Amino acid sequence: MKKIMNASLNKNNLNEEVELFGWVAKKRNLGGLLFIDLRDRSGIVQLVIRPEDSAYDLASSLKNEYVIKVLGKVVLREKANLQIPSGEIEIEVKSLEVINEALELPFDLTNNNSLEDTRLKYRYLDLRRENIKNNLILRHKVTMLARNYLANLGFIEVETPILCKSTPEGARDYLVPSRIFNGKFYALPQSPQIYKQLLMIGGLEKYFQIARCFRDEDLRADRQPEFTQIDIEMSFIEEEDIWQVVEGLMKTIFKEIKNVELEPFPRLTFNECMDRFGSDKPDTRFAMEIINITDIFKNTEFSVFKDVLRAEGIINCLVVKNAASNYSRKDLDNLTEFVKIYKAQALAYLKYNNEELTGSISKVITNEETKALIKNLGLEENDLVLILAGAKKIVKPALGALRVKLGKELNLIDENKYNFLWVTEFPMYEFSEEENRYVAAHHPFTSPRKEDVDKLLTDKANCYSRAYDLVLNGYELLSGSIRIHDSYTQSKVFEAIGLTLEEAQEKFGFFLDAFKYGAPPHGGVGIGLERLIMILAGTDNIRDVVAFPKTASANCLMSEAPNRVDKKQLDDLGIALKESKR
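What counts and what doesn't
Residues numbered from 1 in each chain as written. Predicted model: local features only at pLDDT ≥ 70, side-chain atom pairs only at ≥ 80, totals over all residues. Heavy atoms only, no water. Helix = DSSP H or I, 4+ residues; strand = E, 2+ residues; numbered from the N terminus. Buried < 20%, exposed > 50% of the residue type's maximum accessible area, 1.4 Å probe, protein only. Contact = heavy atoms within 4.5 Å. Areas by Shrake-Rupley, 256 points an atom, 1.4 Å probe, with all protein chains shown as cover. Lys, Arg positive; Asp, Glu negative; His and termini not counted. Charge placed at Lys NZ, Arg CZ, Asp CG, Glu CD. Pairing = 2+ DSSP bridges. Axes fitted to C-alpha atoms, helices over the stretch in contact; angles between N-to-C directions. Core = buried A, V, L, I, M, F, W, Y, C linked by side-chain atoms within 4.5 Å. Disulfide = S-S within 2.5 Å. Phe/Tyr/Trp six-rings, centres within 6.5 Å; stacked < 30°, edge-to-face > 60°. Salt bridge = Lys/Arg side-chain N within 4 Å of Asp/Glu carboxyl O. Patch = residues over 30% accessible without salt bridge, like charges linked within 9 Å, V, L, I, M, F, W, Y side chains within 5 Å. Parallel < 35°, antiparallel > 145°, perpendicular 65-115°, else oblique. Left-handed = near helix turned anticlockwise from the far one by under 90°.

A. Looking closely at the overall build of the protein chain. Within the protein chain, the secondary structure is distributed over 15 helices and 23 strands. Seen through its C-alpha atoms, the protein chain measures out along the principal axes to roughly 95 × 75 × 55 Å. Split into buried and exposed, the 582 residues of the protein chain put 47% on the buried side. Partitioning the contacts of the protein chain with sequence separation of at least 6, the portion at a separation of at least 24 is 67%. Element-wise, carbon and sulfur atoms account for 49% of the exposed surface of the protein chain, whose accessible area totals about 30600 Å². Positive and negative side-chain charges in the protein chain, numbering 79 and 88 respectively, have mean positions lying 2 Å apart.

Take a look at the structure:
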């Protein structure tokens with residue numbers, strides 16, 4: 001007897017006796033003939049049972065999601081269904097066994113509009129849905145492609161610890177109390193960063209890991225509290241070496257999964273990205289770049305613009321081609337409310353029709369300024385100009401977010417395109433208003449640009465790093481950098497972010513000590529596996545590509561984690577609870 005997966009059966013198996021297992025997906029009674037769609041991981045195959053067959057009475061009692069075993073013969077199907085791989089054949093059932101019955105399901109597996117909370121509560125049932133199952137299979141394929149690709153390049157897979165030392169720089173750690181050492185805690189790793197650098201100091205030279213990471217931070221559609229990285233580190237390299245490895249990996253994955261030949265990835269510095277797109281992860285599948293029109297208004301008498309320029313602000317705009325008629329005054333008011341989310345004060349607009357500019361500021365700008373706008377922006381009939389004025393740190397991100405919103409609203413984005421972009425030379429530091437100090441923009445082990453080493457302490461606002469991100473269709477797909485490999489530079493970075501020598505030694509002493517024993521130059525990346533799968537699967541919800549995800553509030557509706565523990569467990573750990581002020 002030949003046991004086989006459902007979807008692999010076809011005309012080549014005609015007249016074979018097969019043994020099949022699976023779930024009843026659907027049952028139909030057509031004039032006495034029973035037809036059952038039997039589902040397993042591979043897909044659907046149709047069973048047929050006639051009234052005279054010995055299995056008929058049992059088959060008649062079957063309900064959806066019963067688990068059954070079938071022995072039967074492969075025959076041609078009278079009406080082929082070419083939408084499924086096994087659609088040209090069916091199985092004449094010789095014997096049937098019910099392995100397990102099933103209650104009526106709390107939601108319809110074929111209905112993609114079922115409430116997400118219900119699907120997450122019964123996630124083990126949700127996994128039976130075609131798209132979720134296929135996403136997990138896709139994830140497996142991509143992981144295997146990555147493993148094989150890196151192994152063939154001489155990388156060694158190493159598992160790094162899950163129970164680590166807490167080093168609170170960046171996102172919050174998940175803490176794990178120690179029973180043996182009451183009052184002390186492990187932390188779950190936010191990334192394998194320190195350990196993979198230690199592996200380079202240890203002489204492995206090429207490392208990778210499919211690494212689980214944990215961050216106690218606010219969630220969103222493309223973020224989970226626990227996630228997976230394709231983690232890579234290399235010794236004796238420059239940026240070009242790691243970029244070449246990553247581009248080769250992406251080309252391999254997209255060729256195998258999507259049959260897409262990727263072009264070489266373009267590169268932009270962080271500052272270029274912010275100037276042109278208002279974002280360090282721009283979606284380059286459509287144009288509509290931010291245009292700086294500050295010089296056009298350098299002699300303006302319009303008081304709002306004049307005040308902005310006096311405060312050394314900027315005036316920038318978006319030109320939305322052939323869209324003036326798409327936006328009513330109410331629509332434009334809604335866009336104004338949108339940019340206020342990003343702390344912008346007001347959105348000015350102009351519409352170009354019949355060789356004239358009309359709009360909210362058309363009467364307060366001069367003829368010379370009007371002519372300069374028409375010429376410099378290359379305006380054409382029915383173009384819409386959206387203008388923001390203010391501080392650069394507000395104007396650029398606000399217009400960047402507005403650009404993406406308009407791109408989606410006006411269907412400017414080609415969903416079949418995969419646009420990669422290297423974003424390079426990130427700032428070394430960023431100023432934290434909450435902490436009133438400069439903090440590491442990437443992480444404190446990131447190397448500064450060679451030409452900026454002298455700025456580490458003296459000019460933090462203009463000090464740039466050897467950090468880089470890979471962006472895909474507006475998502476940050478990976479983050480990486482060339483690392484600091486000498487203790488002097490590392491100590492200066494710690495000093496710059498306000499860590500004393502004593503604090504640095506307490507948090508990172510074992511790591512800093514390792515630098516004294518011959519650390520090679522090294523660098524690497526962490527590729528967000530879930531985000532990559534999310535894009536490949538064509539979904540915008542990361543929960544669709546995780547087997548057992550958390551909700552936006554970090555709950556697991558299925559297992560009801562996090563949960564309370566009993567007092568004895570807390571006593572063993574030396575922990576007492578107090579009421580939260582939140």
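Don't stop here, the text continues.
B. Quick peek at the pairing of strand β3 (residues 33-40). Burial within β3 is extensive, with 7 of its 8 residues counted as buried. Bridging between strand β2 (residues 17-30) and β3 involves 7 bridges; their strand directions are antiparallel. Bridge pairing in β3 links Val24 to Leu38. Between β2 and the antiparallel strand that follows it, β3, lie 2 residues; Gly31 among them carries a positive phi value of about 60°.

C. Quick look at the sheet that holds strand β7 (residues 156-157). The strand order across the open sheet built from 8 strands is β7-β10-β11-β23-β22-β21-β18-β12, with neighbouring strands paired in mixed fashion. Each edge of the open sheet is held by one strand with a lone partner, namely β7 and β12 (267-269). Direction of pairing for β12 relative to strand β18 (residues 420-424): parallel, over a ladder of 3 bridges. What sits directly across from Thr269, in β18, is Thr424. In the packing of helix α5 (residues 193-201) onto the sheet, the strands contacted are β10 (206-214), β11 (226-235) and β23 (522-528), and the crossing angle to β11 comes to about 20°. Most of the contacts of helix α7 (residues 270-277) go to β12, to which it runs at about 90°, and overall it touches β12 and β18.

D. Main features of the nonpolar core. One finds Ile232, Ile242, Met250, Phe254, Phe420, Leu470 and Ile527 to be the most contacted residues of the largest nonpolar core, which totals 43 residues. Apart from residues lying up to four places away in sequence, Ile242 is in contact with Ile232, Met234, Ile237, Tyr468, Gly524 and Val525. Among the nonpolar cores identified, the runner-up in size contains 26 residues, and Leu318, Ala324, Leu384 and Leu386 belong to it.

E. Examining the state of the cysteines more closely. Taken as a whole and assessed by the stated rule, the structure comprises 0 disulfides. Cys213 forms no disulfide, and the closest cysteine sulfur to it belongs to Cys164, at a distance of 9.7 Å. Judged by relative accessible area, which is 0%, Cys213 ranks as buried. Cys317 takes part in no disulfide bond, and the closest cysteine sulfur to it belongs to Cys273, at a distance of 19 Å.

F. The arrangement of the packing of aromatic side chains in detail. Using the criterion set out here, one finds 18 aromatic pairs in the structure. Relative to Tyr418, the ring of Phe254 has its centre 5.0 Å away and its plane inclined at 65°; by these criteria the two rings are edge-to-face. Of this pair, Phe254 sits in helix α6 (residues 239-258) while Tyr418 sits in the loop between α11 (392-409) and β18, and the two are 164 residues apart along the sequence. Given the relative accessible area of 0%, Phe254 is considered buried. Residue class for Tyr418 comes out buried when judged on its relative accessible area of 17%. Ring geometry for Phe254 against Phe420: centres 5.4 Å apart, planes inclined by 85°, an arrangement best described as edge-to-face. Taken together, the positions of Phe254 in helix α6 and Phe420 in strand β18 put the pair 166 residues apart, joining distant regions of the chain.

G. Inspection of the pattern of salt bridges at higher detail. Using the criterion set out here, one finds 45 salt bridges in the structure. For Arg212, the salt bridge is made with Glu530, and the minimal N-O distance between the two is 3.8 Å. Of this pair, Arg212 sits in strand β10 while Glu530 sits in helix α14 (residues 529-537); the two residues are 318 residues apart in sequence, bridging distant segments of the chain. Note on Arg212: relative accessible area 32%, which makes it partly exposed. For the salt bridge of Lys306 with Glu301, the shortest nitrogen-to-oxygen distance reads 3.2 Å. Among the residues examined, Lys306 registers a relative accessible area of 31% and is labelled partly exposed. The exposed category is assigned to Glu301, whose relative accessible area is 60%. Residues participating in the shared-partner salt-bridge network are Arg139, Arg212, Glu226, Glu530 and Lys550.

H. The arrangement of unusual backbone geometry in detail. Cis geometry marks the peptide bond from Ala561 to Pro562, where omega comes out at 0°. Inspection of the secondary structure assignment puts Pro562 in the loop between α14 and α15 (567-573). Even without glycine at this site, Glu312 takes up a positive phi of about 60°. With respect to the helices, strands and loops of the structure, Glu312 is situated in the loop between α8 (303-310) and β14 (314-320). A positive phi angle, near 50°, is found at Asn473, a position not held by glycine. Note that Asn473 resides in the loop between β21 (467-472) and β22 (475-482). Taking relative accessible area as the criterion, Asn473 reaches 8% and is therefore assigned buried.

I. Up close: a nonpolar patch on the surface. The grouping of Ile162, Leu163 and Tyr186 at the surface amounts to a nonpolar patch, some 260 Å² of accessible area in total. As for its placement among the helices and strands, Ile162 is situated in the loop between β7 and β8 (175-177).

J. Spatial organisation of the packing of helix α9 (residues 329-340) against α11. In contact at an axis separation of 9 Å, α9 and α11 are set at 135° when each is read in the N-to-C sense. Considered as vectors, α9 and α11 are oriented oblique to each other. Judged by the twist between their axes, the crossing of α9 over α11 is right-handed. On α11, the residues touching Leu335, Phe338 and Val339 of α9 are Ala398, Ala401, Leu402, Lys405 and Leu406.

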